[in-house]
Amino acid sequence: MSDDFTVFSADAVWCGTAGSRIAGGVVVVRGQEIAWVGAADALPVAYAGAPARHFPGATILPGLIESHAHLSYDGKAGTKKRSFGRSAPNLVAVMIASVRELLSVGVTTVRDLGARDNLSIEVRDAVAEGLVRGPRMLVAGAQITTTGGHTWQNHGRADSPDELRKLVRSHHKAGVDLIKINATGGFMTAKSAPWFAQFSVEEMAAVVEEAHRLGKKVAAHAHGVEGIERAVAAGVDTIEHCTFVAEGAVVEPDIALIDEIAARGIHVCATATWNLPQMMRSNPAFQPPIKLMHERGVQLIAGNDSGIDGVPHSSYAGGLETSVILGIPIEDVLVGATSRAAAALDLTGVAGELVPGASADLIVVGGDPLADISAVRDVRHVLARGAEFTPDPVQVPDPDPAYAEALAAAATFAEVMS
Ligand SMILES: [Zn+2]
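Please read all numbers here as calculations on a predicted model, not as lab measurements.

Scoring rules and cut-offs
Residues numbered from 1 in each chain as written. Predicted model: local features only at pLDDT ≥ 70, side-chain atom pairs only at ≥ 80, totals over all residues. Heavy atoms only, no water. Helix = DSSP H or I, 4+ residues; strand = E, 2+ residues; numbered from the N terminus. Expected span 1.5 Å × (residues − 1). Buried < 20%, exposed > 50% of the residue type's maximum accessible area, 1.4 Å probe, protein only. Contact = heavy atoms within 4.5 Å. Core = buried A, V, L, I, M, F, W, Y, C linked by side-chain atoms within 4.5 Å. Domains from an automatic or database assignment. Pairing = 2+ DSSP bridges. Buried area = accessible area lost by both parts, 1.4 Å probe. Salt bridge = Lys/Arg side-chain N within 4 Å of Asp/Glu carboxyl O. Donors = N, O, S within 2.8 Å, 3.2 Å for Na, K, Ca; no water. Phe/Tyr/Trp six-rings, centres within 6.5 Å; stacked < 30°, edge-to-face > 60°.

Q: Can you help me understand helix H5 (residues 201-213) in this one?
A: Helical geometry: 3.6 residues make up each α-helical turn, so side chains three or four residues apart lie on a common side. The end-to-end C-alpha separation of H5 is 18 Å, in line with the 18 Å expected for 13 residues at 1.5 Å each. Restricting attention to buried positions, one finds in H5 the residues Glu203, Met204, Ala206, Val207, Val208, Glu210 and Ala211. Where H5 is buried, its residues contact helix H4 (161-174), strand S9 (179-182), strand S10 (218-222) and helix H6 (225-234). Gly215, located one to two residues past H5, shows a positive phi value of around 75°.

Now the structure itself:
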C-alpha cells in the first residue's frame with residue numbers, strides 16, 4: 001500500500017502560514033492530494049517504505065499563486081496593443097505559452113483577470129483536462145468596463161445596472177470563475193486615465209449582487225481614490241492595484257479609506273511588480289502606498305499584472321522581492337503568495353497550504369526563502385496536482401541592481417533610495 005505514496009523531504013518545509021516552518025520537514029503525497037506533513041522523525045511507519053525524494057539544501061513550499069495575470073499578454077513591449085490584433089487561435093496559443101511559463105517558475109494556481117471574449121475559459125479547461133500543462137486557472141473572461149473604458153477592446157462592455165446584470169449572467173453562462181470589473185480607467189488605454197472613476201456605486205453594486213448570487217467573487221481594478229471608494233461601497237471582494245493615483249500620476253493615499261478596506265477584510269492585490277522600484281525611483285511622485293496598507297492591516301496578496309508590457313510571467317519571484325524591499329516582512333509576503341491568496345480566491349483547503357487533503361501542489365526551492373526571498377528564483381522541482389513538471393528554461397529578469405543591493409543589506413527601499 002505504501003507504493004501509492006511519495007515522500008518528499010528537504011532541509012525544511014514551510015506550509016504556507018505564519019510560523020509554519022518545519023525543520024527537517026517531510027510532505028507525503030498520495031496521487032493528487034497531500035496525505036501527511038510533519039517532521040522527518042515523526043513520519044508514520046506506514047510511509048517508511050514509500051518512494052522518497054530528498055532535496056538537500058532546499059525548502060519545500062506550497063505551489064505559488066499568481067493572483068493577477070493576463071495570460072493573453074506575453075510581457076514584451078507593446079503586448080497589449082498587439083493582442084487586440086491577434087486572431088482568437090493565436091491568442092489561445094499565447095495563453096498556452098503563458099501558463100507553461102508560470103508553472104516553470106513555481107506558480108501552480110493563477111487567476112486570469114481579463115482576456116478577450118471567453119478564450120481563457122477554453123485554456124482553463126484544456127489545462128484541467130491535461131491537454132496542456134499549466135497552473136490551476138481561475139478566469140474572469142473579459143473584464144467588465146464601460147463603452148470606451150479601460151480595455152474595452154476585450155468585449156466586456158456595459159453601461160447601466162441592467163446591462164451589467166445581463167453581462168454578469170452571460171459571463172456565468174459561459175463558465176467564468178469570477179467577475180473582474182474596471183472601476184477606474186487605466187494607464188494603457190487611450191482616452192482613459194487611472195484616476196477616472198468609470199462606474200457609479202449603483203452600477204458596481206448590481207455587478208456584485210449578481211455575481212454573489214451566482215457564487216462568484218468580484219475583483220475590481222481601481223487606481224484613483226474615487227473608484228476605490230465606490231468599489232468598496234459596492235462590496236467588491238478584491239481590489240487590484242489600489243495605487244491611490246490622482247491626476248498627473250501623483251499618489252495621494254487616503255488613510256480613512258485604507259482603514260475601511262482593512263476593516264472590511266477586502267484583499268488587495270497591489271501588483272508590486274519586479275520593475276516597480278525602478279518606476280518609483282524614476283518618478284518620485286509615484287510611490288504606491290503598499291507598505292502603508294500593510295501597516296494599517298490590509299490583507300495584501302501577491303500578483304504582478306503579469307503579461308503586461310515589461311512584466312513577463314516569469315518575473316513572479318521579482319514581485320515578491322519588490323514587496324520585501326518595500327518593507328513587508330518576508331514571511332508575510334510568502335503568506336500573501338500562498339494561503340492568503342488562496343483565501344482571496346476561495347481556494348482555502350485546496351491550494352496555498354501544505355495540509356492533508358489539499359491538492360498536491362508543491363515546489364522545491366534552493367536555500368531558505370524565509371532568510372532570503374530571492375531563493376524563490378531557484379525552483380528545483382514542481383508538483384502540480386500531484387503531477388511532476390520539469391520547468392522549461394525561461395528568461396527571468398534580474399532584479400534592479402539598486403534593489404538587489406538593498407536585499408543583500410536587508411535595508412528598506414527608502415533607506416537605499418535616499
Ligand atoms: Zn490587470
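Alright, that's what it looks like, and here's the rest.
Q: Explain the nonpolar core here, please?
A: Most often, soluble globular proteins have nonpolar side chains that are buried together. Within the largest apolar cluster, 86 residues are counted, with the highest numbers of intra-cluster contacts made by Ile228, Ile239, Ile261, Val268, Met293 and Leu320. A domain-level breakdown of this core finds at least three residues from each of domain 1 (2-62 + 354-385) and domain 2 (64-344). Excluding residues within four positions of it along the chain, Ile261 makes contact with Ile228, Val232, Ile239, Cys242, Ile266, Val268 and Val298. Ala10, Cys15, Ile34 and Ala360 belong to the second largest nonpolar core, which has 17 residues in total.

Q: I'm lost on the pairing of strand S17 (residues 379-384) in this one. Help?
A: Looking along a regular strand, one sees side chains alternate from face to face of the sheet. A large share of S17 lies buried, amounting to 5 of its 6 residues. Judged from the 3 bridges that link them, S17 and strand S18 (residues 387-389) form a sheet pairing that is antiparallel. Paired with Ala384 across the two strands is Ala387, which belongs to S18. With antiparallel pairing between neighbouring strands as the criterion, S17 and S18 make up a hairpin whose turn holds 2 residues, including Arg385 at a positive phi of roughly 45°.

Q: Would you explain the domain arrangement of the protein in this entry?
A: For an interface, size is often stated in terms of accessible area lost upon the parts coming together. Taken domain by domain, the protein consists of domain 1 (2-62 + 354-385) and domain 2 (64-344). Computed over C-alpha atoms only, the centres of domain 1 and domain 2 are separated by 30 Å. Taken together, the contacts link 23 residues of domain 1 with 24 residues of domain 2. Interface area, domain 1 with domain 2, both sides summed: about 1,800 Å², of which 64% is carbon and sulfur. Contact with domain 2 buries surface across domain 1, with Trp14, Ile373 and Arg385 losing the most and accounting together for 31% of the total. For the pair domain 1 and domain 2, the interface holds 2 salt bridges.

Q: Whenever I open this one, the environment of Pro356 confuses me. Can you help?
A: By the secondary structure assignment, Pro356 is in the loop between helix H12 (339-344) and strand S16 (362-366). Sequence-distant contacts of Pro356, that is, excluding residues within four places in its chain, are made with Ile34, Ala35 and Trp36.

Q: Would you explain the coordination of the zinc ion in this entry?
A: Metal coordination angles have textbook ideals: 109.5 degrees for a tetrahedral set of four donors and 90 or 180 degrees for an octahedral set of six. The coordination sphere of the zinc ion, as far as protein atoms go, consists of His68 (NE2), His70 (NE2) and Asp305 (OD), spread over 2.1 to 2.2 Å. Written as a sequence motif, the donor residues of the zinc ion are H-x1-H-x234-D. On the criterion of sequence distance, the pair formed by His68 in strand S6 (residues 64-69) and Asp305 in the loop between strand S15 (299-301) and helix H10 (316-325) is long-range, its members being 237 residues apart. For Asp305, a relative accessible area of 12% puts it in the buried group.

Q: What's the story with the packing of aromatic side chains in this structure? I'm lost.
A: The geometry of an aromatic ring pair is captured by two quantities: the separation of the ring centres and the angle between the planes. For the structure on display, the rule yields 2 aromatic pairs. Ring geometry for Phe5 against Tyr47: centres 4.9 Å apart, planes inclined by 65°, an arrangement best described as edge-to-face. One end of the pair, Phe5, is in strand S1 (residues 5-14); the other, Tyr47, is in the loop between strand S4 (33-39) and strand S5 (52-62), with 42 residues separating them in the sequence. A relative accessible area of 4% places Phe5 in the buried class.

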